[in-house]
Structure formats: structure tokens, C-alpha cells
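A structural walkthrough
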Amino acid sequence: MSTPNPRAVVLLSGGIDSTTTAAVARDQGFDLYALTIYYGQRHAVELEAARKVAESLHVIRHILLNIDLSVFGGSALTADIEVPKERTAAQMGEDIPITYVPARNTVFLSLALGWAETLGAQTIFIGANAVDYSGYPDCRPDYLAAFEQTANLATKAGREGKRFSIQAPLLMLTKAEIIRWGARLGVDYSLTHSCYDPTPEGLACARCDSCLIRSRGFSEAGVPDPTHYVSSN
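The paragraphs below set out a description of the structure included in this document. All of these numbers come straight from a predicted model, not from anything done at the bench. (Residues numbered from 1 in each chain as written. Predicted model: local features only at pLDDT ≥ 70, side-chain atom pairs only at ≥ 80, totals over all residues. Heavy atoms only, no water.)

**Considering the nonpolar core**
A general trend in soluble globular proteins is that nonpolar side chains are found buried together. How we decide: Residues belong to a common nonpolar core when they are buried Ala, Val, Leu, Ile, Met, Phe, Trp, Tyr or Cys residues joined through side-chain atoms within 4.5 Å. Buried, partly exposed and exposed residues are distinguished by accessible area as a fraction of the type maximum, computed with a 1.4 Å probe on protein chains only: under 20%, between the cut-offs, and over 50%, respectively. Numbering of helices and strands runs from the N terminus; a helix is a DSSP stretch of H or I covering at least four residues, while a strand is a stretch of E covering at least two. Pairs of residues are marked as contacts when any of their non-hydrogen atoms sit within 4.5 Å.
Residues Val9, Leu11, Leu35, Leu109, Ile126 and Leu144 are the most contacted members of the largest nonpolar core, which totals 41 residues. Counting only elements with at least two residues in this core, the list comes to strand E1 (7-11), strand E2 (31-38), helix H4 (104-119) and helix H5 (141-153). In terms of residue count, the dominant contributor to this core is H4 (seven residues). Non-local contacts of Leu35, meaning those with residues more than four positions away in its chain, are made with Val9, Val10, Leu11, Leu12, Ile63, Leu65, Leu111, Ala112 and Trp115. Among the nonpolar cores identified, the runner-up in size contains 24 residues, and Ala8, Ala23, Ala50 and Val53 belong to it.

**As for the pattern of salt bridges**
Put simply, the rule is: Each reported salt bridge corresponds to a side-chain nitrogen of Lys or Arg within 4 Å of a carboxyl oxygen of Asp or Glu.
For the coordinates displayed, the defined rule picks out 10 salt bridges. The partner of Arg51 in a salt bridge is Glu48, with the nearest N and O atoms 2.5 Å apart. Of this pair, Arg51 and Glu48 both sit in helix H2 (residues 45-56), separated by three residues, roughly a single helical turn. The exposure class of Arg51 is partly exposed, given its relative accessible area of 37%. Look at Glu48 and you get partly exposed, because its relative accessible area is 35%. With a closest N to O distance of 3.3 Å, Arg51 and Glu55 form a salt bridge.

**Some words on the sheet that holds E2**
To keep things clear, this is the line we draw: The rule for pairing is simple: two strands pair if DSSP sees at least two bridges between them. To get an axis, a line is fitted to the C-alpha atoms, and for a helix only the part in contact is used. The angle between two axes follows their N-to-C directions and goes from 0 to 180 degrees.
Pairing is parallel in the open sheet, where five strands are placed in the order E3-E2-E1-E4-E5. A strand with exactly one partner marks an edge of an open sheet, and here the two such strands are strand E3 (61-66) and strand E5 (165-167). In this sheet, neighbouring strand axes are inclined to one another by 25° on average, regardless of whether the strands run parallel or antiparallel.

**A few points about the packing of aromatic side chains**
Selection criterion: Stacked, tilted and edge-to-face are the three classes applied to pairs of Phe, Tyr and Trp rings, where Trp contributes its six-membered ring and a pair requires centres within 6.5 Å; stacked means planes under 30 degrees apart, edge-to-face means over 60, and tilted covers the rest.
For the coordinates displayed, the defined rule picks out five aromatic pairs. Geometrically, the ring pair formed by Tyr33 and Trp115 is edge-to-face, given 5.8 Å between the ring centres and 90° between the ring planes. A residue pair is termed long-range when its members are at least 10 positions apart, and Tyr33 in strand E2 and Trp115 in helix H4 qualify at 82 residues. Look at Tyr33 and you get buried, because its relative accessible area is 8%. The interplanar angle of 45° and the centroid separation of 6.5 Å between the aromatic rings of Tyr143 and Phe147 together place this pair among those described as tilted. Taken together, the residues Tyr143 and Phe147, both in helix H5 and four residues apart, mark about one turn of the helix. A single burial state applies to Tyr143 and to Phe147, both of which are buried.

**Quick word on the side chain of Thr155**
With respect to the element layout, Thr155 can be found in the loop between H5 and helix H6 (156-159). Classification of Thr155 as buried rests on a relative accessible area of 6%. Sequence-distant contacts of Thr155, defined by excluding residues within four places in its chain, comprise Leu113, Glu117 and Phe164.

**Overview of the state of the cysteines**
Selection criterion: Defined by distance alone, a disulfide is two cysteine sulfur atoms within 2.5 Å.
Considering all chains together, one arrives at zero disulfides under this definition. For the unlinked cysteine Cys139, the closest cysteine sulfur is that of Cys208, found at 16 Å. Of the residues examined, Cys139 reaches a relative accessible area of 11% and is grouped as buried. Sulfur of Cys205: no disulfide; nearest cysteine sulfur belongs to Cys195 and is 3.6 Å away. Overall, the relative accessible area of 10% leaves Cys205 in the buried class.

Put into C-alpha cells, the structure is as follows:
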């Protein structure tokens, strides 16, 4: 009798990084359980992108969870604060941007941990990246290591010796390297969405940090960019 595949919970936003991470996890032989969170973000069009990505990757189950962080505000993604536009790479790297959502990855990983323990899964995948994004404190290697330690201290499974692992395979890669890896795995990037400030029709603005990083990543990777930008329509 064949051994069943291990289970993994994947945080899936519908963007390049989380989609590639999910494809990597699948390539490593995991059965995928995808968790997408509607947290009151202005770019809620990414939820539909996540649904399409989950379907394309044949996940076992996809949960869309509503945790409205907009009641706290504090970010250009969850409050009536202007999204920065047309910033240079140097400007993006100067400080923690206003698009940082307070404690978002801690909230997300905690929810993923709860589901993983229920499923008997010991691996959680997150598309965190410490290279191409500007200074998000919850995308750092030491933070992820600290959360993994917390997961193993704070759960029944951890106390019983079933160790949890937080996997961030893209952590130290550039956007171009991520896109090339995903392309080798057959990822359909036309399904993904990255823009922080899309039009009501879901077109990418082409000017926010995320759009600029995405566009540059495809260019440097030598992979055609399938994104529908406002400026190209």
C-alpha cells in the first residue's frame, strides 16, 4: 500500500509569491490545503485570483476566511490612506512602507497553524520574501524562525512531539528568480494579481510598488508579463 502524501497548509493571496510557493509545495509532494484571507484589503480582486490559482493547482481544499483588519486601519491597504506611486527602488528600500499591514503575517500564520493542527499537517508554506520587498518586518528570516518556535511551544501537537515547520522557499530570491522558478513549474501567472490599487474593473495601476516590482521581475526574468495594466489598455 502506497504511503499518502504529507499535508501542508499554504497561505495563498493570489499574487506571484504565494502562487509560486504553492507550486513549489506541490512539486515537493505535498497535498495542498490553501488558505486565503479577506482582511479588508482595497485590492480584494486578489481573492478571485487566489480562487483561480487554487483551482489550477488542484488543491485538496481552499478556504476563504474573512478577518476584517480594516477595523484597525493603520495601512494604505486597509484604510483611507493613499497608496504610494512611482517610487524608485531606492525609495522602496528606505523604510517600512505605509502598505505594511500591522502584524498581518502573524495573524495569517496563526490562522494557518490552527488549521494545520486540525488537519494533522506539520508544514505551513508562506510566500514571504526578504529581497524584493521593502522592509516588511514580518518577512524576515528571524521572524519566521521565531514563529516556528512559537508554533511548537503553543500547540498540543507541538507538546506531543509533532514538530511544525514554517517553509518560505522564496525568502532570499529576487522577483526574477521567483518567476523563473514558477515558469519551470508551469505556473500560469496570468491568473495572479499583485496591484495594491487596482481599478474597479481589476486592472493593475502600473504605478504602485507592487506593480513596479512585478513588471521589473518579469522583464529581468525574460518571461512575458501577462498583467493587464491600466497604461496598456
